[in-house]
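Descriptive analysis of the structure
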Amino acid sequence: MNFKLYAPLDNGSKLPDTGTTIFTVMSQLALEHKAINLGQGFPDFRMSEELIALVNTAMLQGHNQYAHMYGVPLLREKLAEKIRKLYNSDANAETQITITPGGTYAIYTALTSMLEKDDEVIVFEPAYDSYIPNIIVNGAKPVLIQLQYPAYDIPWQEVHEKITAKTRAIIINSPHNPTGAVINENDIEQLKLIIQKHKNIFIVSDEVYEHLVFDGIAHQSILRYPELSERSFVCFSFGKTYHCTGWKVGYCIASPALMHEFRKVHQFNCFSVNSFVQYALAEFLNNEDAYLSLGNFIQHKRDYFQRLMKATEFRPLASHGSYFQCYSYKDFSDENDLELAIRLTKENGVTAIPLSSFYQNKRDDKVLRFCFAKKETTLKEAAERLSKL
């Protein structure tokens, strides 16, 4: 098979080892073979009609010009109110909240605002694919630590051992993409110890799935803990909360000093985010049930897909949040995960993401990631196809 995941190296590139993402590669393959795409993390069901109507209204009311660089003031005020209720955290809408074109942008801007050449950033693998390129393009070095398979727990002893005078940041992602793992109170205590001991270390907390937490577990937002939030950039996504990933709207919350640096980068990149969507979101945030009920709604899909997958030879690994669940296939195949993902797409008409693509060394535990944030008819048809493997 003549299949190349990465483009040829370019000595003049700031990211010489980075090519097309696995999500784009597998989605294109799914399109070519008319496969059900359970690879890329986007819903195939409709978003709120009320929110769509609010966007239309905002456009008709004339909110079509540049928004404030920090974000529409009303939206920032509503977000400050929301996090006060959810996390008992006071964030100043004027000095601590910035609206961004998506959560990934917020993470990039956070890292760019603080990293200098030769700084080190601790990254837990398997890792969302933007983290490492974001670090490298800023002249810094990712320090890779592998989560403990199969629960994907953080090995804190190794974290302590790998901290050096050059360590500038730790990236935390909970609920975790790709595994669905969530951090717990012990993880928070370990972070507190690190922050207390090392005054030059900051946290970038990727919380885009904050409302997609299952099994009665409380989301351990960094915003709950003043000693951590003071040293953190906390990044969120409206796209994941309201089933509109294509809107690419998110936000970042940080202390006034950190947000001041964040905005220096932000103002010369996107500058501002589309205004009419912000006005609509500000109004829609009054509907608290829309996000408070989200965990149960998506958990139902996880549980439904799990029941369907019992008819296959795949075996589920624990998922307590996000759009995703990882499934092991080690009991029925020795293929590497990329080969199996391609074969499933071509021969069975179902696309998943090989977990090795989330590791720099392509570690292969015989695991595929499936997105269950789909219509029940989609999940049913996908499981039926996989049962014929």
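Preceding this section is the structure that the text describes.
Residues numbered from 1 in each chain as written. Predicted model: local features only at pLDDT ≥ 70, side-chain atom pairs only at ≥ 80, totals over all residues. Heavy atoms only, no water.

A word on the packing of aromatic side chains
Scanning the entire structure with this criterion turns up 21 aromatic pairs. Taking 6.1 Å as the distance between ring centres and 55° as the angle between the ring planes, the aromatic pair formed by Phe 214 and Phe 372 counts as tilted. Here the residue Phe 214 occupies a position in the loop between strand 6 (202–206) and helix 8 (226–229), and Phe 372 occupies one in the loop between strand 13 (367–371) and helix 15 (376–386), the gap between them amounting to 158 residues. The buried category is assigned to Phe 214, whose relative accessible area is 0%. Judged by centre distance (6.4 Å) and plane angle (10°), the rings of Phe 238 and Tyr 242 are stacked. Taking relative accessible area as the criterion, Phe 238 reaches 3% and is therefore assigned buried. With relative accessibility at 4%, the residue Tyr 242 sits in the buried group. What links up through ring pairs into an aromatic cluster is the set Phe 305, Phe 314, Tyr 327, Tyr 329, Phe 332 and Phe 370. (Phe/Tyr/Trp six-rings, centres within 6.5 Å; stacked < 30°, edge-to-face > 60°. Helix = DSSP H or I, 4+ residues; strand = E, 2+ residues; numbered from the N terminus. Buried < 20%, exposed > 50% of the residue type's maximum accessible area, 1.4 Å probe, protein only.)

Some thoughts on the sheet that holds strand 8 (residues 250–254)
Reading across the sheet, the seven strands line up as 2-8-7-6-5-3-4 and stay open at both edges, with mixed pairing between neighbours. With partners counted over all chains shown, the strands left at the sheet margins are strand 2 (97–100) and strand 4 (141–146), one partner each. Averaged over all pairs of adjacent strands, the angle between strand axes in this sheet comes to 20°, irrespective of strand direction. (Pairing = 2+ DSSP bridges. Axes fitted to C-alpha atoms, helices over the stretch in contact; angles between N-to-C directions.)

A closer look at the sheet that holds strand 12 (residues 353–354)
The four strands lie next to each other as 9-10-13-12, forming an open sheet whose pairing is antiparallel. Each end of this open sheet is capped by a strand with a single partner; those strands are strand 9 (315–316) and strand 12. Seen against the sheet, helix 14 (residues 337–348) touches strand 12 and strand 13 and runs at an angle of roughly 45° to strand 13. (Contact = heavy atoms within 4.5 Å.)

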